[in-house]
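Here is what each chain is made of, one letter per residue.
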Amino acid sequence: MLSLNNNYIMKNYTKAFKFFVNLLIFTVIISILEKGGSLLKHVNSSSTFISSNSNLILVIFNLMLLSYALWLLIKFRKTIYTLHTDSVFSAKNGFSFTSIGRGLLFYSAGIFIIRVFENILNKPTVKGESVAYNLGRDFGAALSDRIPLLVIAFFLLIVAQLIKEGYHLKQENDLTI
């Protein structure tokens, strides 16, 4: 009876998690469309050459990283959908969680760099403020937006390690009489 109740609870949690991941996929698609519109705006507008080219490059890198994030989320969605059909403690799930966690770390680092450059290029300098102050403010603003995603990435890496350990323990247990 306890096992049946645990399966029911696990299914409810997985449904909620699936909904959350699908919502994230939807928001990333919206962000890609928004950045695509921004790319078209930059291509069609005529502004200063240096500013226009640097902003265009940042928009292109943004699109590339958002596409990468979409791919990671779709991969994560597939992993979640196989959790209730396969054993949770499998080598495949451990590898999937590890690659998604590392991918989110890479995405966070990339977006952090892009946000710093965007802040440097788009914020006017105020007379009397030092360059170090402006750079520190830009680093802080870019980093504060990335902290939740970094926490999620490290959490996924910890879960991946737990899944791998559980898989090894399950294999040892299956070999004992």
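Predicted model only: the values in this text are computed from it and were never measured. (Residues numbered from 1 in each chain as written. Predicted model: local features only at pLDDT ≥ 70, side-chain atom pairs only at ≥ 80, totals over all residues. Heavy atoms only, no water.)

Caption draft 1: Structural context of the nonpolar core. Core analysis: the biggest nonpolar cluster contains 26 residues, and Val 28, Ile 32, Phe 76, Phe 97, Leu 104, Tyr 107 and Leu 156 have the highest contact counts within it. When residues of this core are traced back to their parent elements, those giving at least two are helix 1 (2-44), helix 2 (49-83), helix 3 (91-122) and helix 4 (131-175). With 10 residues, helix 2 is the single largest residue contributor to this core. Excluding residues that lie within four positions of it along the chain, Phe 76 makes contacts with Phe 17, Val 21, Phe 97, Ile 100 and Leu 156. (Core = buried A, V, L, I, M, F, W, Y, C linked by side-chain atoms within 4.5 Å. Buried < 20%, exposed > 50% of the residue type's maximum accessible area, 1.4 Å probe, protein only. Helix = DSSP H or I, 4+ residues; strand = E, 2+ residues; numbered from the N terminus. Contact = heavy atoms within 4.5 Å.)

Caption draft 2: Highlighting helix 4. Here helix 4 is 45 residues long and its end C-alpha atoms lie 64 Å apart, about the 66 Å a rise of 1.5 Å per residue gives. In helix 4, a bend of some 40° at Ile 147 exceeds every other bend along the element, and Pro 148, a proline, comes one to four places later. All of the buried residues in helix 4 are Asn 134, Asp 138, Ala 142, Arg 146, Leu 149, Ala 153, Leu 156, Val 159, Ala 160, Ile 163 and Gly 166. (Expected span 1.5 Å × (residues − 1). Bend = angle between axes of the 7 residues up to and from the residue.)

Caption draft 3: A look at the environment of Tyr 81. One can find Tyr 81 in helix 2. A relative accessible area of 33% means that Tyr 81 is categorised as partly exposed. As for Tyr 81 and Lys 15, which are separated by 66 residues in sequence, their C-alpha atoms are 9.1 Å apart. Apart from residues no more than four positions distant in its own chain, Tyr 81 is found in contact with Lys 18 and Asn 22.

Caption draft 4: Layout of the pattern of salt bridges. Overall, the coordinates contain 2 salt bridges when judged by the stated rule. Notably, a salt bridge pairs Glu 118 with Arg 115, separated by 3.2 Å at the nearest N-O pair. Taken together, the residues span about one helical turn, with Glu 118 and Arg 115 both in helix 3 at a distance of 3 residues. (Salt bridge = Lys/Arg side-chain N within 4 Å of Asp/Glu carboxyl O.)

Caption draft 5: A look at the confidence of the model for the protein chain. This prediction gives the protein chain a mean pLDDT of 83; 87% of its residues lie at or above 70. Mean pLDDT in the protein chain bottoms out at helix 1, which sits at 81, and peaks at helix 3, which reaches 89. (pLDDT = per-residue confidence, 0-100.)

Caption draft 6: Structural context of a nonpolar patch on the surface. Residues Phe 19, Leu 23, Phe 26, Ile 29, Ile 30 and Leu 33 make up a contiguous nonpolar surface patch of about 610 Å² in total accessible area. Following the sequence through the fold, Ile 30 ends up in helix 1. (Patch = residues over 30% accessible without salt bridge, like charges linked within 9 Å, V, L, I, M, F, W, Y side chains within 5 Å. Areas by Shrake-Rupley, 256 points an atom, 1.4 Å probe, with all protein chains shown as cover.)

Caption draft 7: Local environment of the packing of aromatic side chains. If you walk through the whole model with that rule in mind, you get 5 aromatic pairs. Taken together, a centroid distance of 5.5 Å and an interplanar angle of 85° make the contact between Phe 17 and Phe 76 edge-to-face. Pair noted here: Phe 17 is in helix 1 and Phe 76 is in helix 2, with a separation of 59 residues, a long-range link. Phe 76 sits in the buried class, given a relative accessible area of 6%. Here the aromatic rings of Phe 112 and Phe 139 are separated by 5.5 Å at their centres, their planes lie at 80°, and the arrangement is edge-to-face. (Phe/Tyr/Trp six-rings, centres within 6.5 Å; stacked < 30°, edge-to-face > 60°.)

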